[in-house]
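The lines below spell out each chain.
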Amino acid sequence: MKKLLLALMMAAGVTQAEDVLHVYNWNNYIAPETVKRFEQSCKCRVVQDYYGAMEEMLAKLSAGAKGYDVVVPTGFAMPPLIKQNLVQPLDLAKLPNAKNINPAFMNSTFDPGNKFSLPYSFTTTLLGYNETKLKELGINPNSWAVIFDPVILAKLKGKITVLDDSREVFAAALMYNGFSANSVNPDELKKAQDTIIKAKPFWAAFNGQSYIKELTVGNIWVAHGYSSDMFQAVADAKAAKRTFSINFGLQKEGNTLSVDNMMLLKNAPRPDLAYKFMNFMLEGKNAADLTNMIGAGNPNLAAVPFVKPEIKALPSVFPDAATMKRLQQLNALEGKQLRELNKLWTKVKTAK
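This text gives an overview of the structure that appears in the document.

Procedures and definitions
Residues numbered from 1 in each chain as written. Predicted model: local features only at pLDDT ≥ 70, side-chain atom pairs only at ≥ 80, totals over all residues. Heavy atoms only, no water. Salt bridge = Lys/Arg side-chain N within 4 Å of Asp/Glu carboxyl O. Helix = DSSP H or I, 4+ residues; strand = E, 2+ residues; numbered from the N terminus. Buried < 20%, exposed > 50% of the residue type's maximum accessible area, 1.4 Å probe, protein only. Disulfide = S-S within 2.5 Å. 1 Å grid on protein atoms, 1.4 Å probe; cavity = no way out; pocket = protein on both sides within 12 Å on 5 of 7 lines; lining within 4 Å. Points joined across faces, edges and corners; volume = space filled by probe spheres on them. Nonpolar A, V, L, I, M, F, W, Y, C, P; charged D, E, K, R; others polar. Axes fitted to C-alpha atoms, helices over the stretch in contact; angles between N-to-C directions. Parallel < 35°, antiparallel > 145°, perpendicular 65-115°, else oblique. Left-handed = near helix turned anticlockwise from the far one by under 90°. Contact = heavy atoms within 4.5 Å. Pairing = 2+ DSSP bridges. Right-handed = clockwise from strand over helix to strand, strands pointing away. Expected span 1.5 Å × (residues − 1). Arc of directions from axis to C-beta.

1. Examining the pattern of salt bridges
Now for step 1: Applying the stated criterion to the full structure yields 10 salt bridges.
Now for step 2: For lysine 83, the salt bridge identified is with glutamate 334, shortest N-O distance 3.1 Å. Taken together, the positions of lysine 83 in helix 4 (residues 78-83) and glutamate 334 in the loop between strand 10 (327-328) and helix 16 (335-350) put the pair 251 residues apart, joining distant regions of the chain.
Now for step 3: The exposure class assigned to lysine 83 is exposed, which follows from its relative accessible area of 62%.
Now for step 4: The salt bridge partner of aspartate 194 is lysine 190, with a shortest N-O separation of 2.8 Å. Placement of the pair is aspartate 194 and lysine 190 together in helix 9 (residues 186-199), with a separation of four residues, close to one helical turn.
Now for step 5: Among the residues examined, lysine 190 registers a relative accessible area of 40% and is labelled partly exposed.
Now for step 6: Linked by salt bridges that have partners in common, Asp19, Arg270 and Asp272 make up one network.

Encoded structure:
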């Protein structure tokens, strides 16, 4: 009977609805080959939409955007999603591969007990740079001074981009001045703002989307961004056989650590596919793909045996114990604290 009904529907030009999973994610944050394997395994299609900053993602979902199944927010963005009832609790019985996650990354202050989230990947925010050009100029990229010190900036004017992300830019400026990346002290934030405004005229742009390409083709020489993106820039420059080399590294004053997590949206059209996707991404080999192909850090213990040795050796991708002590996860900002930061950021963006 079902076959007959299907034949009649096809004859009438009616087809069954396509199985589609909608993922809202950072750009360049899942290996294309992994997506293809998942599509083959679930007989479905994955559609991805991208954001360049957590504020962008939060604003869009808070405004009522619908149609997404899975979102991949950084830790500090999870509490607002939970409080606004934009995500739903996870049924861990449908996610047996959750056992693969390193316990050190579970039960965070952002989601105690992992009721709504499971760690997906992590990155560090750092500087990527044209190693050839910086050596010529005698500039050591191991300090945030490269993007904030006017003396150094004079050698790099118009060749620097920083993330279009208030939290990350202020965190870098705070650390450069010897403060916590999470400081909400008005005097410390004002000093960070002054540092940013003085440096801004030397920067080419605030760029959270295309800095990989700009760095790879040589249009910029220093980029403030994520370790996974810089890993990609190195690979792209090599593949294009550039006459210069790209590299990236952590800064001595400290860096931010972003642990990104998979969450199931409250109004997900296809929660069934979402669970299949999340569990698939938590398999060891699939999780390792993310690290091997885009250089993202991995909280999945089952992935470690499948990660290339040369990537395991990168401190910015697999930080050792000493390096971890200098990494800070950004706290959630809400209410007055968030409004104050937004005011400071508006002045930064409008400053000449």
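There's more to say after this.
2. Considering the state of the cysteines
Now for step 1: Counted according to the given criterion, the structure contains one disulfide.
Now for step 2: Here cysteine 42 pairs with cysteine 44 through a disulfide, and the sulfurs are 1.9 Å apart. Taking the sign of the S-S torsion, about -60 degrees here, the bridge from cysteine 42 to cysteine 44 comes out left-handed. Grouping residues by exposure puts cysteine 42 and cysteine 44 together as buried.

3. Quick look at empty space enclosed by the protein
Now for step 1: In the structure shown here, the tally under the stated rule is two cavities of 30 Å³ or more.
Now for step 2: By volume, the largest cavity is sized at about 60 Å³.
Now for step 3: Every residue along the wall of the largest cavity is listed here: Ile101, Pro119, Tyr120, Met262, Met281, Leu282, Ala287, Leu290, Asn298, Pro299 and Asn300.
Now for step 4: Breaking the lining of the largest cavity down by element, the ones donating at least two residues are strand 4 (117-130) and helix 13 (284-294).
Now for step 5: Of the residues in the lining of the largest cavity, the class split is nine nonpolar, two polar and no charged.
Now for step 6: Around the second largest cavity, the lining residues are Thr74, Gly75, Phe76, Phe110, Glu168, Thr256, Leu257, Ser258, Gln329 and Leu330.
Now for step 7: Considering every element that reaches the lining of the second largest cavity, the biggest residue donor is strand 9 (residues 255-264), with three residues.

4. Here we look at the packing of helix 2 (residues 32-42) against helix 12 (residues 271-281)
Now for step 1: In the contact formed by helix 2 and helix 12, the axes pass within 11 Å of each other and the chain directions differ by 130 degrees. Put simply, helix 2 runs oblique to helix 12. When the axes of helix 2 and helix 12 are compared, the crossing they make is right-handed. Here Thr34, Arg37, Phe38 and Ser41 of helix 2 come into contact with helix 12, specifically with Leu273, Lys276, Phe277, Phe280 and Met281.

5. Observations concerning the pairing of strand 1 (residues 20-26)
Now for step 1: Counting buried positions along strand 1 yields six of seven residues, so the element is predominantly enclosed.
Now for step 2: Relative to strand 2 (residues 45-51), strand 1 runs parallel, the two being bridged by seven bridges. Opposite tyrosine 24, over in strand 2, you have aspartate 49 as the bridge partner.
Now for step 3: Once the chain exits strand 1 it traverses helix 2 before rejoining the sheet at strand 2, and the crossover so formed is right-handed.
Now for step 4: Sheet analysis places strand 1 next to strand 3 (residues 70-71), joined by two bridges and oriented parallel. Bridge assignment links tyrosine 24 to a residue of strand 3, and that residue is valine 71.

6. A closer look at helix 11 (residues 227-239)
Now for step 1: Between its first and last C-alpha atoms helix 11 spans 18 Å; for 13 residues at 1.5 Å apiece the expected length is 18 Å, and the two agree.
Now for step 2: If you check which residues of helix 11 are buried, you get Ser227, Ser228, Asp229, Met230, Phe231, Gln232, Ala233, Val234 and Ala237.
Now for step 3: Against strand 4, helix 10 (211-217), strand 7 (222-226), strand 8 (246-249), helix 13 and helix 14 (309-312) lie the buried residues of helix 11.
Now for step 4: Phi for lysine 241, located one or two positions after helix 11, is positive at around 55 degrees.

7. Notes on helix 9
Now for step 1: Along its 14 residues, helix 9 runs 20 Å from first to last C-alpha, staying within 8% of the 20 Å computed at 1.5 Å per residue.
Now for step 2: Taken as a whole, helix 9 has its buried residues at Leu189, Ala192, Gln193, Thr195, Ile196 and Ala199. Down the axis of helix 9, the buried side of the element spans an arc of 160 degrees, and every buried residue falls inside it. In helix 9, those exposed residues whose orientation departs by more than 90 degrees from the buried face are Pro186, Asp187 and Lys198.

8. Things to note about unusual backbone geometry
Now for step 1: Positive phi outside glycine occurs at asparagine 85, with the angle close to 60 degrees.
Now for step 2: With phi around 55 degrees, lysine 241 is a residue other than glycine that occupies positive phi space.
Now for step 3: Mapped onto the secondary structure, lysine 241 falls in the loop between helix 11 and strand 8.

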